[in-house]
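Below, each chain spelled out in residue letters.
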Amino acid sequence: MRAALLYRARDLRIGQVPDPVPGPGEALLKVRAVGICGSDLHYYLDGCIGTAQVQDPFIMGHEFAAEVVEGGLLPPGTLVAVDPAQPCGTCEWCHTGHHNLCPKVRFVGSPPYSGALTEYITAPPENLFPVPAHFDAATTALLEPLGVAIHALDLARLKPMESVAVLGAGSIGLLLLQVARQCGAGQLFAIDPINYRAEAARKLGADGVAGTYEAILDWTKGRGADVVLEATNSPLGPQHAAEAVRIGGRVVLVGIPEGDRFTLNASLVRRKGLTIKLSRRMGHVYSRAIQMVQSKRVQLAPIATHHFGLEDTPEAFALQAEYRDGVLKSVIYPWGGER
């Protein structure tokens, strides 16, 4: 079968790989759509995220929708969202409900576990979430990043009418913005230095948008926002979040910084008495993500701006890495026909 293979940083090729063989109880899935995530871009640009390094030709892709072919508990033809995380279920963190922190997790699309930028894949039945009949493949694939946003807001413990600032208006930032509104945010601010991304945030409900975090201090008359959700790829993002949040405020770091390092001034966060949390993937939130989309409380279609066949995956990654053509999220269709 065909697959998009990453050989090394910026070296992405279409090639052939063996068809997958389902394990006991696993379902065989036909991949219908795959979203390109910011973490995929880190592998594409750098060949690694921290200690997770691409060693051999590697298949990326963890935001995906698929159709059941055989096996599992669902009838063939069922369109499903697929949770890419397969925690061990036996460690201390799994037993205490923190499956997203499992150190033994098998995560689809993170080395050494092959991802979904291919034609077929397998998955255990507990990772499959059937979607309503009117959901298309792109919408279904974007339930995964929506789940990341829901988990981040769970960590933020937002109170009704608190002010929220989102740093970074990429796909995750735009989802954080929408989920924050549903969680009761009062004023919503979005910061992104790229004009078209800031404008997308305005269209999706931001009360104020700007290119730099200092605008948050202007809007709040120097006080800062109650909660800052950082979703950038900049090593300066956490520091900017700490500058923009109020004394005693809360910061949730969602972004992955370039170079696997970020800066944070110790005296600033100490003197402000900040609560800082780092968001790791998500918990069991798929059912809420589906409900949010089904009830039209969150818009996914405006985020899926570009659509490609599998053969055009290298161009899709280059486009998104270079912020060309107003791209927010590229979606790959391994079997075509849905662009």
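Relevant structure appears above.
Residues numbered from 1 in each chain as written. Predicted model: local features only at pLDDT ≥ 70, side-chain atom pairs only at ≥ 80, totals over all residues. Heavy atoms only, no water.

Colleague: Whenever I open this one, the sheet that holds strand E12 (residues 164-167) confuses me. Can you help?
Modeller: Backbone hydrogen bonds hold the strands of a sheet together, and the pairing may be parallel or antiparallel. Ordered in space as E14-E13-E12-E15-E16-E17, the six strands form an open sheet in which the pairing is parallel. Every interior strand has two partners, whereas the edge strands, strand E14 (208-210) and strand E17 (275-278), have only one. When strand polarity is set aside, the average angle formed by the axes of neighbouring strands in this sheet is 15°. Pairing of strand E13 (residues 188-191) with E14 involves three bridges; the strand directions are parallel. Within E14, the position partnered with Ile 191 by the bridge is Ala 210. (Pairing = 2+ DSSP bridges. Helix = DSSP H or I, 4+ residues; strand = E, 2+ residues; numbered from the N terminus. Axes fitted to C-alpha atoms, helices over the stretch in contact; angles between N-to-C directions.)

Colleague: Got a minute to help me understand the side chain of Thr 122 in this structure?
Modeller: Here Thr 122 shows up in strand E10 (residues 120-123). Its relative accessible area of 18% is what places Thr 122 among the buried residues. Other than its neighbours up to four places away in sequence, Thr 122 contacts Pro 20, Val 21, Pro 22, Glu 26, Ala 27 and Leu 28. (Buried < 20%, exposed > 50% of the residue type's maximum accessible area, 1.4 Å probe, protein only. Contact = heavy atoms within 4.5 Å.)

Colleague: Explain the packing of aromatic side chains to me, please; I cannot follow it from the model alone.
Modeller: What characterises a pair of aromatic rings is the spacing of the ring centres plus the angle enclosed by the ring planes. Summed over all chains, the structure comprises five aromatic pairs. Seen in terms of ring centroids, Phe 129 and Tyr 286 are 4.7 Å apart; in terms of plane orientation they differ by 10°. Their pairing is stacked. Highlighted residues: Phe 129 in strand E11 (residues 128-130) and Tyr 286 in helix H10 (residues 286-294), separated in sequence by 157 residues. Given the relative accessible area of 24%, Phe 129 is considered partly exposed. Of the residues examined, Tyr 286 reaches a relative accessible area of 2% and is grouped as buried. For the ring pair Phe 189 and Trp 219, a centre distance of 4.8 Å and an interplane angle of 25° mean the geometry is stacked. You can see Phe 189 sitting in strand E13 and its partner Trp 219 sitting in helix H7 (residues 214-219), a full 30 residues away along the chain. The exposure class of Phe 189 is buried, given its relative accessible area of 2%. Above the plane of the ring of Tyr 7 lies Arg 13, whose end atom (NZ or CZ) is 3.7 Å from the centre. (Phe/Tyr/Trp six-rings, centres within 6.5 Å; stacked < 30°, edge-to-face > 60°. Lys NZ or Arg CZ within 6 Å of the ring centre and 35° of its normal.)

Colleague: Help me understand the nonpolar core, please; the structure alone is not making it clear to me.
Modeller: Burial of nonpolar side chains together is a common tendency in soluble globular proteins. One finds Leu 143, Leu 146, Val 164, Leu 176 and Leu 229 to be the most contacted residues of the largest nonpolar core, which totals 57 residues. The greatest single-element share of this core, amounting to eight residues, is contributed by helix H4 (residues 143-156). Setting aside residues up to four positions removed in sequence, Leu 146 forms contacts with Leu 175, Val 179, Ala 289, Met 292, Val 293 and Val 298. Formed by 40 residues, the second largest nonpolar core is a distinct cluster that contains Leu 5, Ile 36, Ala 123 and Leu 128. (Core = buried A, V, L, I, M, F, W, Y, C linked by side-chain atoms within 4.5 Å.)

Colleague: Even after reading the chapter, I still don't get H4, so can you show me in this structure?
Modeller: Every α-helix winds through 3.6 residues per turn, so residues three or four apart in the chain are directed the same way. Along its 14 residues, H4 runs 20 Å from first to last C-alpha, staying within 8% of the 20 Å computed at 1.5 Å per residue. Of all 14 residues in H4, twelve are buried; the element is thus mostly enclosed. Buried within H4 we find Leu 143, Glu 144, Pro 145, Leu 146, Gly 147, Val 148, Ala 149, Ile 150, His 151, Ala 152, Leu 153 and Ala 156. Backbone geometry just after H4 places Arg 157 at a positive phi near 50°. (Expected span 1.5 Å × (residues − 1).)

Colleague: What am I meant to see in the environment of Trp 219 here?
Modeller: Judged by its relative accessible area of 32%, Trp 219 falls in the partly exposed class. Distance in space between the C-alpha atoms of Trp 219 and Phe 189 is 8.9 Å, their sequence separation being 30 residues. With sequence-adjacent residues up to four places away left out, Trp 219 is seen in contact with Phe 189, Ala 190, Ile 191, Gly 208, Val 209 and Ala 210.

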